[in-house]
Amino acid sequence: MTRVFEELADPSRRNILAELRTGSKRVTDIVEATGLKQPNVSNHLAKLRAKGVVESTKVGREVYYSFASPDVAEAVRLVLQNAADLADSDTNEPITEYAYAAIAGDESACNAIVDSQLRRQVPLLKIYVDLLTPAMAQVGQWYKSGEIDEAQEHLASGITERMMSRAMSLRSPSRRTDRSVVLGCPPGNWHALGLRMVSDYLKLLGWKTLFLGANVPTESFISTVRQHQPDLVLTSCATDDSVHALLPLLDGLHNLRNAGQEFSIGVGGGIASEYRKKIVSSGADFVAGSLEEFAEQILPRIPAA
């Protein structure tokens, strides 16, 4: 159903497809319901029909439009229902727009949404916390429910990484501090976007950041910490399975501290809060459920080594 998501990325076509959920409609019916102009509705319907999303049936002199198949109707229902489940639609409109565009591979649309934030001088933390994080959470929900495939999730993640790079390129870091951080995911954890956001945020605050990325072998991770002697080490726990790979890393980091190296250890990620007690008892100093929690509640309390 990739073609359905591509069409839902466009707000006008999304409104048209939403109207067809209640049954076949004429162009005049859709114009009246959506407030779109008649030539625009006709143009959108022609393109939707060419892509096999809708079909037309002539009844006398009238032409009625409907979904081309039950599969299309179900895909539209599921996606629009998920969007409706989000809180306040006005607040979340850029989030849903971004999520639709990202899974459709519409990088220019994602760029436009991020650009609108940058033009209004929205702080990087708010762009990450209020736009990109919830948009990617929505993408993750679609993937878990089977509404999109792994390729679409990866496509959205790749676009989001480039949006982050662009946002960072237009921000000036604070004066460099003498504090440093090593960030990376344990073996088997490929979900590095959250850590990348933390890395960007700390870099803007003047920290020296060593971002190792996803799926870092435990010994390599520990060796990097031993070599660079950071003030802070951050890793993540994105799934239940990644907890098992996280524990040996925490044990190795704890051994470094027992040997005299001083640094704080933090764990974040989608599932980390559910294993908070286990993670802390295994050597972590804190668990951050979100970038916002880390920035506002935890970071001010982290001592310099």
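Remember, predicted model here, so these are calculated numbers, not experimental data.

**Structural notes on the overall build of the protein**
And step 1. Counting its regular elements, the protein contains 14 helices and seven strands.
And step 2. Taken along its principal axes, the extent of the C-alpha atoms in the protein is 85 × 40 × 25 Å.
And step 3. Within the protein, buried positions represent 47% of all 305 residues.
And step 4. For the protein, contacts bridging at least 24 residues in sequence account for 69% of all contacts bridging at least 6.

**What about the environment of F221?**
And step 1. Considering the arrangement of structural elements, one finds F221 in helix 11 (residues 218–228).
And step 2. Of the residues examined, F221 reaches a relative accessible area of 0% and is grouped as buried.
And step 3. Between the C-alpha atom of F221 and that of V233, which follows or precedes it by 12 residues, the distance is 9.9 Å.
And step 4. With sequence-adjacent residues up to four places away left out, F221 is seen in contact with V182, L183, G184, C185, L212, V216, V233, L234, T235 and L249.

**Here's the deal with the side chain of E153**
And step 1. With respect to the element layout, E153 can be found in helix 9 (residues 150–169).
And step 2. Although buried, E153 forms no salt bridge, and the nearest oppositely charged side chain, K144, lies 8.2 Å from it.
And step 3. Ignoring sequence-local partners within four residues, the contact set of E153 consists of V139, Y143, I148 and H191.

Procedures and definitions
Residues numbered from 1 in each chain as written. Predicted model: local features only at pLDDT ≥ 70, side-chain atom pairs only at ≥ 80, totals over all residues. Heavy atoms only, no water. Helix = DSSP H or I, 4+ residues; strand = E, 2+ residues; numbered from the N terminus. Buried < 20%, exposed > 50% of the residue type's maximum accessible area, 1.4 Å probe, protein only. Contact = heavy atoms within 4.5 Å. Lys, Arg positive; Asp, Glu negative; His and termini not counted. Salt bridge = Lys/Arg side-chain N within 4 Å of Asp/Glu carboxyl O.

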